[in-house]
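One letter stands for each residue in the lines below.
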Amino acid sequence: MLCNVNRILAGHSVRNEEYFRRIHFLLYYTQFSHKLIIDMEAAGSVNIAAARVAGHPVTVFGAGRTDAGVHAAGQVANFHMMNSSVPLRGLRRAMNSTLPRDIAVWSAVEVPENFHASRSAVGKTYRYRIHVAPDRPVMLAGQVYHYWRALDTEAMRLAGQRLIGRHDFRGFASSAEQRENTVRTVFSCELADVASEVHVTVQGDGFLYNMVRNIVGTLIEVGRGCWPAERIDKILAGCDRRDAGPTAPPEGLTLLCVHYGPPRPAQEHRQAEE
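Engineer: So, the pattern of salt bridges: which residues are in play, and what are the values?
Structural biologist: Counting across every chain of the model gives seven salt bridges. One salt bridge in this structure joins arginine 129 and glutamate 197, with 2.8 Å as the shortest N-O distance. With arginine 129 in strand β5 (residues 123-132) and glutamate 197 in strand β9 (residues 197-204), this pair connects stretches of sequence that are 68 residues apart. Note that arginine 157 and glutamate 154 form a salt bridge whose closest N and O atoms lie 2.7 Å from each other. With arginine 157 and glutamate 154 both in helix α4 (residues 153-161) and three residues apart, this pair spans about one turn of that helix. Take arginine 157: its relative accessible area is 24%, and that puts it in the partly exposed class.

Engineer: How would you summarise unusual backbone geometry if you had to cite specific residues and measurements?
Structural biologist: Phi is positive for asparagine 210, which is not a glycine, with a value near 65°. Looking at the secondary structure, you find asparagine 210 in the loop between β9 and α5 (211-223). Unlike most non-glycine residues, cysteine 239 shows phi in positive territory, near 55°. Residue position: cysteine 239 is located in the loop between α6 (231-238) and β10 (253-259). Accessibility expressed as a relative area gives 24% for cysteine 239, which makes it partly exposed.

Engineer: Before we move on, could you go through α6 and cite the residues and values that matter?
Structural biologist: Of all the residues in α6, the buried ones are Arg231, Ile232, Ile235 and Leu236. What you see down the axis of α6 is that its buried residues fit within an arc of 135°, all on one side. Along its buried surface, α6 packs onto α4, β7 (165-168) and α5.

Engineer: Mind laying out the environment of valine 132, listing which residues take part and the relevant values?
Structural biologist: Position of valine 132 relative to the elements: it lies in strand β5. Considering only alpha carbons, one finds valine 132 and tyrosine 145, 13 residues apart in sequence, at a separation of 8.5 Å. Contact partners of valine 132, with chain neighbours within four places excluded, come to Tyr147, Arg149, Ala150, Leu151, Ser196 and Val198.

Engineer: How would you sum up the nonpolar core? Please name residues and give values.
Structural biologist: Grouped together as the largest cluster of nonpolar side chains are 70 residues, with contacts concentrated most on Phe25, Phe79, Leu91, Met95, Ile130, Phe172 and Val200. Among the elements that take part in this core, α5 stands out by supplying seven residues, more than any other. Ignoring anything within four residues of it in the chain, the contact list for phenylalanine 79 reads Arg21, Arg22, Ile23, Phe25, Ala50, Ala54, Val58, Thr59, Val60, Leu91 and Met95.

Engineer: Account for the environment of alanine 176, with residues named and values stated.
Structural biologist: Considering the arrangement of structural elements, one finds alanine 176 in the loop between β7 and β8 (183-194). Exposure remark for alanine 176: the relative accessible area of 39% places this residue in the partly exposed category. Each C-alpha atom, one on alanine 176 and one on asparagine 210, is 9.1 Å from the other, the two residues being 34 residues apart in sequence.

Engineer: Lay out the packing of α4 against α5 with the relevant residues and their values.
Structural biologist: It is at 8 Å that the axes of α4 and α5 come closest, and there the two elements cross at 135°. Compared by their axis directions, α4 and α5 come out oblique. Crossing handedness for the pair α4 and α5: right-handed. Side by side, α4 and α5 meet where Ala155, Met156, Ala159 and Gly160 of the first sit next to Leu219, Ile220, Val222 and Gly223 of the second.

Each value, and the rule that gives it
Each chain has its residues counted from 1, following the order in which its sequence is written. The predicted nature of this model means local features are confined to residues of pLDDT at least 70 and side-chain atom pairs, given and counted, to a pLDDT of 80 or more, with totals for whole chains, interfaces and linings taken over all residues. Here the side-chain values reflect all heavy atoms present in the structure, with hydrogen atoms and water set aside. Salt bridges, as used here, are contacts in which a Lys or Arg side-chain nitrogen is within 4 Å of a carboxyl oxygen on Asp or Glu. Secondary structure elements follow DSSP: runs of H or I no shorter than four residues count as helices, runs of E no shorter than two count as strands, and numbering proceeds from the N terminus. Here the term buried applies to any residue with accessible area under 20% of the maximum for its type, exposed to any over 50%, and partly exposed to those in between, with areas from a 1.4 Å probe on protein chains only. To be clear, the arc concerns the directions from the helix axis to the C-beta atoms. By definition, residues are in contact when any of their heavy atoms lie within 4.5 Å. Residues belong to one nonpolar core when they are buried, are Ala, Val, Leu, Ile, Met, Phe, Trp, Tyr or Cys, and are joined through side-chain atoms within 4.5 Å. Between N-to-C directions, angles span 0 to 180 degrees; the directions come from axes that are lines fitted to C-alpha atoms, helices contributing only their stretch in contact. Throughout, the term roughly parallel applies to angles under 35 degrees, roughly antiparallel to angles over 145, roughly perpendicular to angles from 65 to 115, and oblique to all others. Crossing handedness follows the turn of the near helix against the far one: under a right angle anticlockwise gives a left-handed crossing, and clockwise gives a right-handed one.

Structure follows, in structure tokens:
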């Protein structure tokens, strides 16, 4: 399990009122179900499933929206319910029986009154999968980005290290980014060769619109020999989107985890998956 959701309970006390419960749950979904849950606060599939289980209308608060076509292995949401008789295991099973086949509630826990899926988050971890091979990975269609030429992963790794720290990432944001404050902290940017794939795992305190996909597109340009690793410095200094690489396609990207305590090193994610 990628996120230990029980960590958020450490040091807090949960309200023990008979008719009030705040439920936190962890979602898995694929790019194909994205349109069904992108607006969880309205009438999306997750909202409908939660309301049916609770027995009354609810508002589901998500930790944030992913780009269309992006997967999630650790999306977080929460809602209030007044039905105190439903056990958490039964709640998870009941929601999964209602949700479409490509959305699943992985876990459900009761959380403190002041918990909010978005406002309580302190960071996120994303992973991008690049399948590097001449032939299309047909069985992995929609799960990875296929790149047919060899990549210099060591150069990409060196470039990724230059992203670590607190910087203005406006140069890696889409032109559709509306937020004025584009300063973010990247805690780690790691590359791993996994069979015929290159995995780029980025952890930070927050991400701008298309930021991870633009980072990956830039690293690919470095990997194919178009730019040196130092190109990252130019993008961070100039804050000009035109200096960065193209936006990598969405299908290779997965939201691995939303953090509610000190962000976990990428090494822990690898151990959790093994």
